[in-house]
Amino acid sequence: MTISFKDRVAIVTGAGGGLGRAYALELARRGAKVVVNDLGGARDGTGHSDAALKVVAEIEAAGGEAMSNGGSVTEYEQMVEMVAKAKERWGGVHILINNAGVLRDKSFAKMEPADFRFVVDVHLNGSANCTKAVWDTMREQAYGRILMTASSTGLYGNFGQANYGAAKLGLAGLTKTLNLEGAKYNVRVNTIAPVAGTRMTEDLFPPEAFKAFAPENVVPAALYLVSEDAPSNMIIGAGAGAFHAAYVTMTPGVLLPESERTPEGIAAHWAEITDRSGEIVPQSGGEQSMAILKLLQGG
Ligand code: NAI
């Protein structure tokens, strides 16, 4: 079965290059009308360029339909305006890929609070801004597909990226609650953790790996996650043609008798507390409380 995006309107943030551009091109090729958002800054978020216009030209040259937007995801009003323009021209917004991002890497010891805030602002608040800007529209349409962009740094950590990692895991958290709030309105929300050779990673990959990790190899997962039959609440990793899922799990744990509810009791039972056999993937925060109640009831 071919996955088509005909008559869908998609917004891709940070689509002036790298992964965002690859998503925008393939969405358009499969029939979507695409808002190509990008302020066209440098990797650290400074400056501006017409990166978005160039991608629109590429889409149009290939026979697709697109509109450029040079707004910053950090400016909520600009995102509201972007959504209004898309609706005015195409009547709705069905897909949002929150992809815009910047890096200001430094060990935490050397990181200025301003660089921490800036990176969190672009990734986490930026994605919340764009999502908020489309949220009511998607609810009213009873249709929405939203993709957040996390990273292995957010899920697992990476030296020198405390700001970036905090923002990226925050996005997986945002996904989980929006999944619950959107379900009733057919709004599905997922997270992708890509690995791709782009300007963000150009100094990390050796040249052969850079080629293997072409952004185009992440596109299939991203597009599936915003398609009509997309799942919801998933965290999917993708890079170089490999695809996997990541989960936030909970071990069965133990119920300690009152006499052992001490730090020493925790130390004594550490192996059982952290034993992963029989772990579950809670679908909401409430499931943690339910699991505790079950233990209290002896089950
Ligand atoms: P990229 O640097 O090519 O793309 C990011 C784009 O976001 C740039 O075109 C930039 O101008 C734009 N942007 C930055 N600040 C913006 C703002 N305030 N408003 C609008 N646009 C803005 O890098 P890449 O690799 O394509 O990154 C895309 C996303 O994937 C980012 O969120 C990144 O953190 C994430 N990611 C990438 C990985 C990789 O291996 N390349 C690994 C994990 C996550």
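Rules of the game
Residues numbered from 1 in each chain as written. Predicted model: local features only at pLDDT ≥ 70, side-chain atom pairs only at ≥ 80, totals over all residues. UniProt positions renumbered as here; feature names shortened; annotations may be inferred. Helix = DSSP H or I, 4+ residues; strand = E, 2+ residues; numbered from the N terminus. Buried ≥ 20, exposed ≤ 12 C-beta atoms within 10 Å, placed from the backbone. Contact = placed C-beta atoms within 7 Å. Expected span 1.5 Å × (residues − 1). Arc of directions from axis to C-beta. Near = placed C-beta within 6 Å. pLDDT = per-residue confidence, 0-100. Axes fitted to C-alpha atoms, helices over the stretch in contact; angles between N-to-C directions. Parallel < 35°, antiparallel > 145°, perpendicular 65-115°, else oblique. Left-handed = near helix turned anticlockwise from the far one by under 90°. Nonpolar A, V, L, I, M, F, W, Y, C, P; charged D, E, K, R; others polar. Domains from an automatic or database assignment. Pairing = 2+ DSSP bridges. Right-handed = clockwise from strand over helix to strand, strands pointing away.

Under an unreviewed UniProt entry, the name given to the chain is Putative oxidoreductase, and the source organism is Sphingomonas changbaiensis NBRC 104936. Per its UniProt entry, the chain bears the Sequence similarities (unreviewed entry) comment "Belongs to the short-chain dehydrogenases/reductases (SDR) family."

(A) Highlighting the overall build of the chain. Along the backbone of the chain there are eleven helices and eight strands. Burial analysis of the chain (299 residues in total) assigns 40% to the buried set. By sequence separation, contacts in the chain at least 24 residues apart represent 67% of the contacts at least 6 residues apart.

(B) Layout of helix H3 (residues 76-90). Between its terminal C-alpha atoms H3 stretches 21 Å, which fits the 21 Å expected from 15 residues at 1.5 Å a residue. All buried positions along H3 are accounted for by Met 79, Met 82, Val 83 and Ala 86. Burial along H3 is one-sided: seen end-on, the buried residues are contained in an arc of 95°. Pointing more than 90 degrees away from the buried face of H3 are the exposed residues Glu 77 and Glu 88. If you follow the buried residues of H3, they end up packed against strand S1 (9-12), strand S2 (33-37), strand S3 (65-69) and helix H4 (113-141). Positioned one or two residues after H3, Gly 91 has a phi angle of 85°, which is positive.

(C) Representation of the site of the ligand. Around the ligand, the structure places 33 residues, and the nearest of them are Gly 14, Gly 18, Gly 101, Ser 151 and Thr 198. Going through the elements one at a time, helix H1 (18-29) and H4 are the ones with two or more residues in the shell around the ligand. The element that contributes the greatest number of residues to the shell around the ligand is H1, accounting for three residues.

(D) Structural detail: the UniProt feature "domain: Ketoreductase" (unreviewed entry) in the chain. In this numbering, the UniProt entry assigns the feature "domain: Ketoreductase" (unreviewed entry) to residues 8-198. A distance of 27 Å separates the end C-alpha atoms of residues 8-198, which is 49% helix and 16% strand.

(E) Expanded view of the confidence of the model for the chain. Per-residue confidence for the chain gives a mean pLDDT of 97, with 100% of residues at or over 70. Predicted complex, confidence summary: ipTM 0.99, pTM 0.98.

(F) Geometry of the packing of H3 against H4. Put simply, H3 and H4 touch, their axes get as near as 8 Å, and they point 40° apart. When the interaxial angle is binned, H3 and H4 end up oblique. As for the relative orientation of H3 and H4, their crossing is right-handed in sense. Of the residues in H4, those touching H3 at Tyr 76, Met 79, Val 80, Val 83 and Lys 87 are Asn 129, Cys 130, Lys 132, Ala 133, Val 134 and Thr 137. The class makeup of the residues in the contact of H3 with H4 is seven nonpolar, two polar and two charged.

(G) Just the domain arrangement of the chain, in detail. Assigned domains within the chain: domain 1 (9-246) and domain 2 (258-296). One C-alpha centre belongs to domain 1, the other to domain 2, and the line joining them spans 35 Å.

(H) Inspection of the environment of Pro 263 at higher detail. Its place among the elements puts Pro 263 in helix H9 (residues 263-268). With 7 C-beta atoms counted inside 10 Å, the residue Pro 263 sits in the exposed group. Sequence separation between Pro 263 and Gly 45 is 218 residues, and the spatial gap between their C-alpha atoms is 45 Å.

(I) Inspection of the pairing of strand S5 (residues 144-149) at higher detail. S5 sits mainly inside the fold: six of its six residues count as buried. Here S5 shows two buried faces, one formed by Gly 144, Ile 146 and Met 148 and the other by Arg 145, Leu 147 and Thr 149. When strand S4 (residues 95-97) meets S5, the two strands line up parallel, connected through three bridges. Each bridged residue has a counterpart across the sheet, and for Ile 95 the counterpart in S5 is Arg 145. Between the parallel pair S4 and S5, the chain is carried across by H4, and the sense of this crossover is right-handed. Two elements, S5 and strand S6 (residues 187-194), share six bridges in a ladder whose sense is parallel. Counterpart to Arg 145 in the pairing with S6 is Arg 188.

(J) Highlighting the pairing of S3. Pairing between S2 and S3: five bridges, direction parallel. From the neighbouring strand, Val 34 faces S3, where its bridge partner is Ala 66. A crossover links S2 with its parallel partner S3, the connecting element being helix H2 (residues 51-61), and its sense is right-handed.

(K) How the structure looks around the sheet that holds strand S8 (residues 242-246). Read from one edge to the other, the open sheet built from eight strands follows the order S3-S2-S1-S4-S5-S6-S7-S8, with strand pairing classed as mixed. The open sheet terminates on both sides in strands that have one partner only, identified here as S3 and S8. The sheet shows a mean angle of 20° between the axes of neighbouring strands, direction not considered. Together, S2 and S3 form the strand contacts of H2, whose direction differs from that of S3 by roughly 175°.

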